[in-house]
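For reference, the chains in residue letters:
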Amino acid sequence: MSASQWRKTPCFCPGPMSWRDRAGCWCQPSASTLRPASSLLYWAPASTMRRRRSRKVKKQGPPENRNKAKTQDGIALEIQPLKSEEAAESEEKEEKEEVKQVKKVNVTKKEKSVLQGKLTKLAVQIGKAGLIMSAVTVIILILYFVIDTFAVQGRSWVAECTPIYIQYFVKFFIIGVTVLVVAVPEGLPLAVTISLAYSVKKMMKDNNLVRHLDACETMGNATAICSDKTGTLTMNRMTVVQAYVGDTHYKTVPEPDAIKPETLEIMVNSISINSAYTTKILPPEKEGGLPRHVGNKTECSLLGMVLELKRDYQPIRDEIPEEKLYKVYTFNSSRKSMSTVLKNADGGYRMYSKGASEIVLRKCSRILDAQGQPRIFKPKDRDEMVRKVIEPMACDGLRTICVAYRDFPAEAGEPDWDSENDILNELTCIVVVGIEDPVRPEVPEAISKCQRAGITVRMVTGDNINTARAIATKCGILLPGEDFLCMEGKEFNQQIRNDQGEVEQERLDKVWPKLRVLARSSPTDKHTLVKGIIDSTVGETRQVVAVTGDGTNDGPALKKADVGFAMGIAGTDVAKEASDIILTDDNFTSIVKAVMWGRNVYDSISKFLQFQLTVNVVAVIVAFTGACITQDSPLKAVQMLWVNLIMDTLASLALATEPPTESLLLRRPYGRNKPLISRTMMKNILGHAVYQLVIIFTLLFAGESIFDIDNGRNSPLHAPPSEHYTIVFNVFVMMQLFNEINARKIHGERNVFEGIYRNPIFCSVVLGTFALQIVIVQFGGKPFSCTALTIDQWLWCVFIGVGELLWGQLISAIPTHHLKFLMEAGHGTTKEDIHEEEMTEGADEIDHAEMELRRGQILWFRGLNRIQTQIKVVNAFRSSLYPASPESRSSIHSFMAHPEFVPLSEEEARIPPIEETGDEIDPLPSPSSGAGGGGEPPSTFPCRRELSI
């Protein structure tokens with residue numbers, strides 16, 4: 001049996017080298033025996049340990065023991081050196097069985113952002129093309145030189161000419177490297193970083209605190225937003241505007257005289273005591289302003305009603321501080337109510353309750369009448385109250401809250417407070433209030449923008465369905481005449497779950513496309529909805545979902561969503577930690593701004609690519625063609641590096657800092673498979689490349705006659721700079737500068753100057769580059785291979801550069817749909833390109849474009865790791881057998897050089913007798929059992945003496 005089938009686990013008992021099995025520790029000596037050091041090393045087949053572990057999980061009863069066993073298994077060190085054929089087959093079968101139990105996670109969620117995946121793939125493609133072009137350039141230059149020199153001219157290789165030949169070869173190599181440097185888009189990562197960093201900084205001013213950079217770009221591809229209602233779509237400044245008390249429905253807060261003193265007293269006490277004492281209403285900061293609401297906004301509205309009734313809640317709280325509260329049932333999403341218990345002086349108890357009206361009313365058996373006396377409240381009375389009071393309030397967009405109480409007489413003794421269903425029952429209704437939370441005035445317009453932009457907005461709230469429907473109608477989520485669904489969480493779960501209570505994706509796919517409002521929902525419902533939308537395959541592309549949340553229970557939904565928005569004001573720390581972006585003003589409008597910035601990042605990178613690839617195509621073709629024809633590149637190495645600086649660093653700074661415009665919201669999301677380089681962009685790239693190549697080659701082969709200057713072609717190796725090639729270089733840079741202005745528009749817009757003054761960075765970069773070009777041409781001299789030009793030559797260079805703007809107008813006039821032959825580039829990673837990966841929840845981000853590059857490294861490090869593991873195993877085995885051996889066993893070589901094994905007969909004398917009893921191992925007694933605190937070692941266990949290295 002090979003070493004691959006053995007496993008060991010270190011114990012944590014004191015001692016130089018101690019080992020244990022999973023049943024107990026062998027290091028503690030028992031009262032009767034003392035184990036020799038050699039027997040402290042315990043080996044068992046991996047398959048045996050797996051079978052035994054599964055039996056232990058079944059045998060052990062308490063869950064905490066099972067969890068502890070799992071933890072110990074996680075600490076175990078599994079030895080996996082090179083396998084024999086039998087061992088490999090057995091382990092493969094076991095691994096397949098374990099793989100079935102591994103939870104598969106949605107691969108798309110773990111991918112890097114959409115934009116980064118497309119850019120990585122595109123950069124690799126461009127880099128390969130540039131490498132091929134540079135290699136071909138060097139090969140052609142060398143062959144041209146060798147054939148022309150030694151074959152055509154018939155020269156022989158002379159030793160004295162060797163340094164000159166080497167200089168030529170070095171020159172050819174430099175030209176090839178220059179072509180490669182220009183072709184490789186090393187400015188892409190810089191452009192992405194600049195664009196994201198600039199956007200994140202600006203988004204902070206728009207009340208978006210970005211915690212994860214890729215969330216900024218992902219938001220640009222969002223197709224669905226699941227939003228909370230309170231505080232996000234509404235102002236979160238709640239006010240009681242209606243009340244039902246004493247059998248009367250008041251459309252405004254009633255006067256104190258209209259309510260019986262007994263009813264008023266118990267209502268004020270209930271509201272004052274049965275609320276968080278941290279909830280307060282403070283005076284306004286500025287004179288004439290609104291009072292400040294501190295704490296829970298719903299409770300603030302009830303306290304505000306107390307103040308409107310000419311009563312004060314603070315003296316009641318001072319009389320009954322929090323220490324005197326006997327029992328508190330806090331509000332949660334499942335209970336949807338809050339109750340506080342007080343102990344009376346006579347030994348009885350009084351409980352005040354408040355919560356969602358339809359839930360609390362179901363637990364009421366009495367109601368206070370007009371005289372302030374409780375009367376019987378039958379189910380038919382409740383149904384009538386729901387129909388005549390609660391539904392009209394909800395249809396007005398009001399949140400309805402019921403306030404009730406219950407007395408526990410002293411004669412009945414102390415109730416069982418843990419039996420919540422019995423306690424929260426037989427209540428007496430005091431009042432039902434309607435609370436208004438006005439819709440933010442800017443929200444309807446923001447939702448309208450989202451709908452025009454192809455983003456579906458859904459409201460997920462815990463409110464009554466009628467209230468939610470009224471608010472959704474005011475916001476514009478529900479539009480008249482359209483077939484949309486509004487449902488409660490209970491109905492939602494009934495439709496998406498099967499008889500076993502499991503969520504079925506097929507059922508969910510029938511619900512979510514039309515669902516717009518989910519009322520009376522729990523955080524679990526929100527998570528189920530988000531996961532179902534993300535995992536759905538109904539549409540052509542996967543949905544990109546953004547979710548808002550403020551509570552601790554919203555954490556899973558925020559984590560599952562592509563972009564999670566936490567509320568900066570009302571949100572808990574857990575929600576903020578789980579989110580990608582924090583809304584510092586809790587306003588839905590800020591989400592729309594995040595969409596604009598996300599789309600702007602995408603467009604900024606596309607603008608940069610359009611400009612860079614135009615320069616790439618022209619520079620590479622000019623260098624390649626010029627080198628092949630004239631045996632020299634028209635653009636020298638230093639000049640090409642300056643062009644590369646313009647093309648990469650400065651252009652990324654200029655084009656990646658464009659501010660967003662409202663026009664970004666007039667189109668639908670790009671989608672995960674939309675190419676980075678569209679057909680329109682390809683038309684612009686090739687169109688401008690044609691113009692520039694025609695100009696450059698015209699100047700290259702006819703420039704000396706046009707400008708009446710000396711010919712710069714076929715100049716000697718160390719000839720001084722010529723006016724001819726300086727004009728070629730200057731015209732090339734001028735065309736790039738003006739083409740940079742053209743690159744500001746990527747969707748075929750004609751006005752390329754629109755909003756140019758809104759981006760001072762762009763203007764500064766263009767003007768600064770122009771100034772530096774003047775300095776380089778006039779004063780660069782031999783380092784830049786330039787000579788000073790006259791004013792007439794400069795004007796001609798600028799005029800040719802301006803021609804780029806006119807040519808751009810001509811290109812934009814050509815309809816793109818007629819150019820079917822143009823290819824798109826920069827597609828996203830498709831499902832066919834993704835290898836099937838099984839990932840656990842804690843997996844790192846993956847980037848499929850980089851997987852192939854890393855596969856060899858992974859295999860290499862895995863092999864080294866296995867060798868190191870074998871060495872550690874060998875050292876541990878030998879140190880346990882020979883604790884006093886002074887010889888080094890630090891490497892596999894030194895170990896194999898000294899293979900002194902104790903004879904089997906001697907070793908057997910040192911080890912207690914053992915028996916083969918199959919694969920099952922009897923568990924060891926616990927350390928606490930037996931005398932002396934030690935446990936008797938097992939009498940039978942499988943042991944293998946052979947260890948093949």
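Peer 1: I'd like a description of unusual backbone geometry, backed by residues and values.
Peer 2: Of note, Asp247 is a non-glycine position whose phi angle comes to about 60°, a positive value. Along the chain, Asp247 turns up in the loop between strand S7 (239-245) and strand S8 (248-250). One non-glycine residue, Lys310, adopts positive backbone phi at about 65°.

Peer 1: Just give me the short version of the pattern of salt bridges, but keep the residues and values in it.
Peer 2: Counted by the stated rule, this structure contains 22 salt bridges. Residue Arg311 pairs with Glu265 through a salt bridge whose shortest N-O separation is 3.0 Å. In this pair, Arg311 is assigned in the loop between helix H10 (297-308) and helix H11 (314-319) and Glu265 in helix H9 (residues 261-273), connecting sequence segments 46 residues apart. On the basis of relative accessible area, Arg311 is assigned to the partly exposed category, the value being 27%. Of the charged contacts in the structure, one is a salt bridge between Asp554 and Lys526, with a shortest N-O distance of 3.5 Å. Of this pair, Asp554 sits in the loop between strand S21 (545-549) and helix H20 (555-560) while Lys526 sits in helix H19 (residues 523-535); the two residues are 28 residues apart in sequence, bridging distant segments of the chain. Since its relative accessible area comes to 7%, Asp554 is described here as buried. The exposure class assigned to Lys526 is buried, which follows from its relative accessible area of 5%. The network of salt bridges with shared partners includes Asp228, Lys526 and Asp554.

Peer 1: Before we move on, can you summarise the packing of aromatic side chains with the specific residues and values?
Peer 2: In total, this model carries 19 aromatic pairs according to the counting rule given. Ring geometry for Phe150 against Tyr165: centres 5.4 Å apart, planes inclined by 75°, an arrangement best described as edge-to-face. Linking Phe150 in helix H5 (residues 114-152) with Tyr165 in helix H6 (residues 162-183), this pair joins segments that are 15 residues apart in sequence. Overall, Tyr165 belongs to the buried group, its relative accessible area being 6%. With centroids separated by 4.7 Å and ring planes inclined at 55°, the aromatic side chains of Trp157 and Tyr165 adopt a geometry described as tilted. One aromatic cluster is present, built from ring pairs that chain together Phe145, Phe150, Trp157, Tyr165, Tyr168, Phe169 and Phe172.

Definitions and cut-offs
- Residues numbered from 1 in each chain as written.
- Predicted model: local features only at pLDDT ≥ 70, side-chain atom pairs only at ≥ 80, totals over all residues.
- Heavy atoms only, no water.
- Helix = DSSP H or I, 4+ residues; strand = E, 2+ residues; numbered from the N terminus.
- Salt bridge = Lys/Arg side-chain N within 4 Å of Asp/Glu carboxyl O.
- Buried < 20%, exposed > 50% of the residue type's maximum accessible area, 1.4 Å probe, protein only.
- Phe/Tyr/Trp six-rings, centres within 6.5 Å; stacked < 30°, edge-to-face > 60°.

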